[in-house]
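# What the coordinates show
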Amino acid sequence: MDKVIDIPKILVVNPNSSGSMTQEIRENVISYFIKKDIKSTLDNISYYTGSSTSPAQICDIKTSLQSRDACLPELTDPNNENYYDNFDGVLIACFSDHPLVQSLSEIANENNSKTVVAGLLNTAISFCSLLGDRTFSILTSNNEWIEILDNAVERKYLTKSSEKYWKGTVATNLEVLNLHDIRNYSTIAKIIEMENIQKLHSDIIILGCAGFSAIYEKLISTFSDSEYNVKFIEPVTMGIETLYFMLK
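Numbering of residues starts from 1 in each chain and follows the order in which that chain's sequence is written. Local features are withheld for residues below a pLDDT of 70 in this predicted model, meaning they are given only at 70 or higher, and side-chain atom pairs are given and counted only at 80 or more; totals for whole chains, interfaces and linings count all residues. Excluded from the side-chain calculations are hydrogens and water; all other atoms, namely the structure's heavy atoms, are used.

## Notes on the overall build of the chain
Let me state the cut-off plainly: A run of DSSP states H or I qualifies as a helix once it reaches four residues; a run of E qualifies as a strand once it reaches two. Both are numbered from the N-terminal end. Computation of the radius of gyration draws on C-alpha atoms, with the globule rule given as 2.2 Å multiplied by the number of residues to the power 0.38. A simple rule labels every residue: compare its accessible area, found with a 1.4 Å probe on the protein chains alone, to the largest value its type can have, and call it buried under 20%, exposed over 50%, or partly exposed in between. By definition in these notes, contact holds between two residues if any of their heavy atoms fall within 4.5 Å.
Helix and strand counts for the chain stand at eight helices and eight strands. Over its C-alpha trace the chain gives a radius of gyration of 18 Å, about what one expects of a compact globule, namely 18 Å for 248 residues. Principal-axis analysis of the C-alpha atoms places the extent of the chain at approximately 50 × 50 × 40 Å. Among the 248 residues that make up the chain, the fraction classed as buried is 54%. Long-range contacts, defined as pairs at least 24 residues apart, comprise 79% of the intrachain contacts of the chain with a sequence gap of at least 6.

As structure tokens, then:
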């Protein structure tokens, strides 16, 4: 008899109220797992968009807190289909030290839940910290995120061995909802080339916003045909893979 493989149930949380961003995240995840020929995984991944009281985009600490306060009641309501304890893992799909990660983790621990809660920032930086001598930097949306992300990475997520390979954060100075606009693609690619690659000498570039998911494949194509041997990390799919590993 064939062995039945129990696939963990994952909830991907977009903590802002933009359903279009959730759809872009979903499409990128589907493409990723189809290419890996693991289609069965997709049936066990669900998606949640923040309620109407959540901000349309998260651009600073204030909107991060607003989104936490808007999402937490629904995610902790046993009568809600997105109740966290219905899932083996929950991924908070905002690239920051988002307060929803800690708040939901604390509630899960208090209730002795086995649900694992993870964020995009910690999983991406932890991965880069394991890569040895590969330099890495972050590409983010607006300028307000530079100091926030740099402080979070340097305060909480670097190891002694990875400190010297961390190169910092670069901003596109575009709002989150404008990152997927194809009219902005050439500007984003030029910033990557000038700032992340030529100035910071990054071997690995973390796409530090779920809004980049729509152009992830295009960036790979653009820079694979260039002189630069640079790799991109798309943190949502990496976060899902990390949760699967943790839940085995």
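## Looking at the sheet that holds strand β2 (residues 45–49)
This is how the line gets drawn: Pairing between strands is defined by DSSP: at least two bridges between the two strands are required. Here an axis means a line fitted to C-alpha atoms, over the contact stretch when the element is a helix, while the angle between two N-to-C directions is reported on a 0 to 180 degree scale.
Reading across from one edge, β2-β1-β3-β4 is the order of the four strands in this open sheet, with parallel pairing throughout. Among the strands making up the open sheet, the edge pair consists of β2 and β4 (116–119). Taken over all neighbouring pairs, the strand axes of this sheet differ in orientation by 20° on average, direction set aside. Where strand β1 (residues 10–14) and β2 come together, five bridges link them in parallel fashion. Looking at the pairing, Asn14 lines up with Thr49 of β2. Across the face of the sheet, helix α3 (residues 99–110) comes into contact with β1, β3 (89–92) and β4 while running at roughly 170° to β4. Where helix α8 (residues 235–247) meets the sheet, its contacts fall on β1, β2, β3 and β4, and the angle it forms with β3 comes to roughly 155°.

## Observations concerning the packing of aromatic side chains
Inclusion rule: Any Phe, Tyr or Trp ring, taking Trp's six-membered ring, that has another such ring centre within 6.5 Å forms a pair; planes under 30 degrees apart are called stacked, those over 60 apart edge-to-face, and the others tilted.
For the structure shown, the criterion picks out five aromatic pairs. Ring geometry for Phe33 and Tyr244: centres 6.4 Å apart, planes at 80°, overall edge-to-face. Remark: Tyr244 occurs in helix α8 and Phe33 occurs in helix α1 (residues 19–35); sequence separation between them is 211 residues. Under the relative-accessibility criterion, Phe33 is labelled buried at 1%. Both rings, one in Phe136 and one in Trp166, keep their centres 5.7 Å apart while their planes meet at 45°; by these two values the pair is tilted. Taken together, the residues Phe136 in strand β5 (residues 136–140) and Trp166 in strand β6 (residues 166–171) connect sequence positions 30 residues apart.

## Things to note about the pattern of salt bridges
Two side chains bearing opposite charge may form a pair once their charged atoms approach each other closely. Cut-off, in case you're wondering: Put simply, a salt bridge is a Lys or Arg side-chain nitrogen that is within 4 Å of an Asp or Glu carboxyl oxygen.
Following the criterion strictly, the structure yields seven salt bridges and no others. The partner of Asp69 in a salt bridge is Arg68, with the nearest N and O atoms 3.1 Å apart. In this structure Asp69 comes out as partly exposed when scored by relative accessible area, which is 47%. By relative accessible area, Arg68 is classed as partly exposed at 21%.

## What about unusual backbone geometry?
A positive phi angle, near 55°, is found at Asn112, a position not held by glycine. Look at Asn112 and you get exposed, because its relative accessible area is 70%. The phi torsion at Asn173 lies on the positive side, around 60°, for a residue other than glycine.

## Looking at the environment of Asp85
Applicable threshold: Side-chain atoms alone can form a polar contact between residues adjacent in sequence; in general such a contact is a pair of N or O atoms within 3.5 Å, and within protein one must be able to donate a hydrogen while the other accepts it.
Along the chain, the position of Asp85 falls in the loop between α2 (61–75) and β3. Linking Asp85 and Pro55, residues 30 residues apart in sequence, is a C-alpha distance of 25 Å. Ignoring anything within four residues of it in the chain, the contact list for Asp85 reads Ser113 and Thr115. Reaching out from Asp85, the side chain makes a polar contact with the side chain of Ser113 at a distance of 2.6 Å. In terms of polar contacts, Asp85 uses its side chain to reach the side chain of Thr115, at 3.3 Å.

## Brief notes about the packing of helix α4 (residues 120–129) against α8
Rule in force here: What sets the label is the angle itself: under 35 degrees gives roughly parallel, over 145 gives roughly antiparallel, 65 to 115 gives roughly perpendicular, and the rest give oblique. Residue polarity is assigned by list, with Asp, Glu, Lys and Arg as charged and Ala, Val, Leu, Ile, Met, Phe, Trp, Tyr, Cys and Pro as nonpolar; anything else, Gly included, falls into the polar class.
Two numbers describe how α4 lies on α8: the axes approach to 9 Å, and their chain directions differ by 80°. Here α8 runs roughly perpendicular to α4, going by the angle between their axes. For the pair α4 and α8, the contacting residues are Leu120, Thr123, Ala124 and Phe127 in the first and Pro235, Val236, Met238, Gly239 and Thr242 in the second. Across the contact of α4 with α8, the residue classes tally to six nonpolar, three polar and no charged.

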